[in-house]
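Here is what each chain is made of, one letter per residue.
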Number of protein chains: 2
Amino acid sequence: MTVRQLSLPELAAVCVRLGVRGVGLWREPVRAHGVRATAALMESAGLTVTSLCRGGFFTAADQRGRDRALGDNRAAVDEAAALGTDTLVLVSGGLPEGSRDLVGAREQVAEALAVLAPYAAERGVRLAIEPLHPMYAADRCVISTLHQALELACRFPPSWVGVVVDTYHVWWDEWAPQTVASAGEQGRIHSFQLADWTTPLPAGVLTGRGQLGDGSIELRRWRERVEAAGYRGPMEVELFNEVLWSRDGAEVVAETLRRFHEHVG
Amino acid sequence: MTVRQLSLPELAAVCVRLGVRGVGLWREPVRAHGVRATAALMESAGLTVTSLCRGGFFTAADQRGRDRALGDNRAAVDEAAALGTDTLVLVSGGLPEGSRDLVGAREQVAEALAVLAPYAAERGVRLAIEPLHPMYAADRCVISTLHQALELACRFPPSWVGVVVDTYHVWWDEWAPQTVASAGEQGRIHSFQLADWTTPLPAGVLTGRGQLGDGSIELRRWRERVEAAGYRGPMEVELFNEVLWSRDGAEVVAETLRRFHEHVG
């Protein structure tokens with residue numbers, strides 16, 4: 001998604017050229033290209049699919065809406081399995097239309113996980129709950145802290161359900177470092193994602209994630225934290241940024257790699 | 001600030017006409033009108049000044065910047081005392097220019113409070129630390145949760161330093177309800193402010209606070225929480241909202257009162 005201006009074949013070619021060995025993919029471009037075709041493309045390029053983004057959006061005003069969400073999530077699990085990735089990232093969803101009941105919405109997420117987790121486990125796919133920054137609590141993700149995500153994950157075996165540590169979403173949280181340590185101890189850090197925090201935020205606050213090094217986050221410190229917690233998996237850079245999207249995609253990948261080595265690696 | 005389109009005399013007249021008995025004021029319009037003149041205006045209208053917004057912005061890259069901030073905060077205390085309000089609201093300030101050290105910035109806030117709190121107490125002014133929503137952590141307020149604010153306040157007597165509970169900033173936080181209870185038990189809820197959470201957020205995320213009832217927050221529930229915690233002080237409605245600012249100020253006050261009775265009172 002950092003370079004959504006690239007087609008999947010272009011993305012694969014750029015990664016190979018620059019020595020990137022894995023990519024996190026999003027469902028929309030994968031489905032547009034075809035799930036099997038994407039799997040074949042990545043395999044022939046020697047690229048690991050590090051995760052599939054994203055399932056979730058479990059919350060709904062009625063049972064029918066929740067059932068529809070579960071159906072879509074089963075499809076996402078199937079897609080992840082077909083792509084050969086072991087990790088499906090989940091964004092929980094916000095408050096149901098017209099609701100102000102945060103606690104109830106969080107309970108809906110727990111109920112959906114109870115159905116989805118065994119389905120995913122049977123197919124070799126781990127669910128990774130991603131807490132989103134509290135500014136998304138109403139309309140996108142009622143799971144706002146790493147602690148909440150870990151509490152949800154703890155209802156299941158670690159190989160079934162874990163958490164995503166995304167610096168953009170958790171950097172401000174004084175308790176996140178110790179939650180990272182607990183999550184690591186339990187083997188529940190299923191994904192580590194990087195983006196920097198830059199201000200001012202754009203309208204809608206979706207497309208303002210900063211290039212690594214441009215913002216306020218101690219990115220290397222966060223890498224050290226997840227590694228100290230035992231994390232040895234891939235590191236994904238996930239930037240939603242209008243300026244980066246408007247530029248040459250290959251250049252953006254090259255720049256991101258340089259920034260990664262400078263500020264993280 | 002909800003009706004910044006009104007002059008202070010207009011504001012006082014509207015409040016009297018609508019039966020509002022107190023107003024929270026901001027420093028800029030007070031200084032423009034004159035501190036003594038404002039005090040006289042509010043007194044002759046029979047209005048209580050419920051709080052003065054705001055001191056704070058303690059964080060700075062060097063000692064000179066921090067000293068300047070302290071000087072400005074002493075002036076804010078003096079203004080609060082002159083207005084006859086017992087409460088000065090503090091917004092801590094963000095990361096110093098070029099810094100990524102959140103922990104260090106928070107320590108700067110604690111150091112500033114240690115100097116300012118006795119100065120304020122001598123003048124009969126309580127400091128009220130306002131945690132701001134985590135989306136302001138980098139550029140405006142490194143104190144992001146009620147828990148952090150209360151931990152800072154706890155270093156001082158309750159009559160010196162307490163917290164602001166503002167629904168807009170804390171509604172998403174699963175721990176805020178129990179922190180409200182603790183703060184109340186300690187006599188440290190020094191201010192209760194209301195605004196609703198509406199999306200999408202505007203660019204810069206400063207001027208999108210929703211009119212009461214337009215958003216996602218269980219406002220009455222929060223009122224019940226602070227009251228159950230023993231709070232008996234004023235309730236301030238603080239909306240920064242471009243649409244409300246563009247309308248007739250008296251109409252906005254009247255609408256806000258109706259919304260207050262419908263959704264809070």
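Residues numbered from 1 in each chain as written. Chains lettered and ligands numbered in written order. Predicted model: local features only at pLDDT ≥ 70, side-chain atom pairs only at ≥ 80, totals over all residues.

Before going further, it helps to examine the sheet that holds strand 3 (residues 87–91) of chain A. Residues and elements named next belong to chain A. Pairing is parallel across the open sheet formed by seven strands, whose spatial order is 1-2-3-4-5-6-9. Each edge of the sheet is formed by a strand with only one pairing partner; in this case those strands are strand 1 (22–26) and strand 9 (235–237). Sheet twist, expressed as the average angle between the axes of neighbouring strands with direction ignored, equals 30 degrees. Relative to strand 4 (residues 126–129), strand 3 is paired through four bridges, and the arrangement is parallel. Bridge assignment links T87 to a residue of strand 4, and that residue is R126. With respect to the sheet, helix 4 (residues 63–83) is in contact with strand 1, strand 2 (48–56) and strand 3, its orientation differing from that of strand 2 by roughly 180 degrees. Lying on the sheet, helix 6 (residues 146–153) is in contact with strand 4 and strand 5 (161–166); it crosses strand 5 at an angle near 165 degrees. (Pairing = 2+ DSSP bridges. Helix = DSSP H or I, 4+ residues; strand = E, 2+ residues; numbered from the N terminus. Axes fitted to C-alpha atoms, helices over the stretch in contact; angles between N-to-C directions. Contact = placed C-beta atoms within 7 Å.)

Let's shift gears to helix 1 (residues 8–18) of chain A. Residue and element names in this part refer to chain A. Considered for burial, the residues of helix 1 that qualify are L11, A12 and C15. Along helix 1, the residues classed as buried sweep out an arc of 100 degrees about the axis, all on the same side. On its buried face, helix 1 is in contact with strand 1 and helix 3 (35–45). Downstream of helix 1 by a residue or two, G19 has a phi angle that is positive, lying close to 80 degrees. (Buried ≥ 20, exposed ≤ 12 C-beta atoms within 10 Å, placed from the backbone. Arc of directions from axis to C-beta.)

To continue, consider the interface of chain B and chain A. Between chain B and chain A, the residue contacts involve 23 residues of the former and 23 residues of the latter. For the side of chain B that touches chain A, the per-class residue count stands at 13 nonpolar, six polar and four charged. (Nonpolar A, V, L, I, M, F, W, Y, C, P; charged D, E, K, R; others polar.)

Time to look at the relation of the copies chain B and chain A. Overlay of chain B on chain A (RMSD 0.0 Å): rotation 180 degrees, translation along the axis 0.0 Å. Put plainly, the chains are arranged around a two-fold axis. Closest approach to the rotation axis within chain B is made by the C-alpha atom of B:A203, at a distance of 1.8 Å. Mapped onto chain A, 100% of the interface residues of chain B again fall at the interface, so both copies present the same surface. (Least-squares fit on C-alpha atoms with pLDDT ≥ 70 in both.)

A few words now on the sheet that holds strand 1 (residues 22–26) of chain B. All names here are of chain B. Ordered in space as 1-2-3-4-5-6-9, the seven strands form an open sheet in which the pairing is parallel. Both outer strands of the open sheet, strand 1 and strand 9 (235–237), are each paired with one neighbouring strand and no more. Direction aside, the axes of adjacent strands within the sheet are offset by 30 degrees on average. On top of the sheet, helix 4 (residues 63–83) reaches strand 1, strand 2 (48–56) and strand 3 (87–91); it is set at about 180 degrees to strand 2, its chief contact.

What follows covers unusual backbone geometry. Cis geometry is adopted by the peptide bond preceding A:R54, which originates at A:C53 and carries an omega value of -5 degrees. Tracing the chain through its elements places A:R54 in strand 2. Of note, the bond from B:T199 into B:P200 is cis; its omega dihedral lies within 30 degrees of zero at 0 degrees. Mapped onto the secondary structure, B:P200 falls in the loop between strand 7 (196–197) and strand 8 (209–210). A positive phi angle, near 50 degrees, is found at A:V205, a position not held by glycine. Note that A:V205 resides in the loop between strand 7 (196–197) and strand 8 (209–210). Its identity is not glycine, yet B:F57 carries a phi of approximately 50 degrees, on the positive side. Of the residues examined, B:F57 has 20 C-beta atoms within 10 Å and is grouped as buried.

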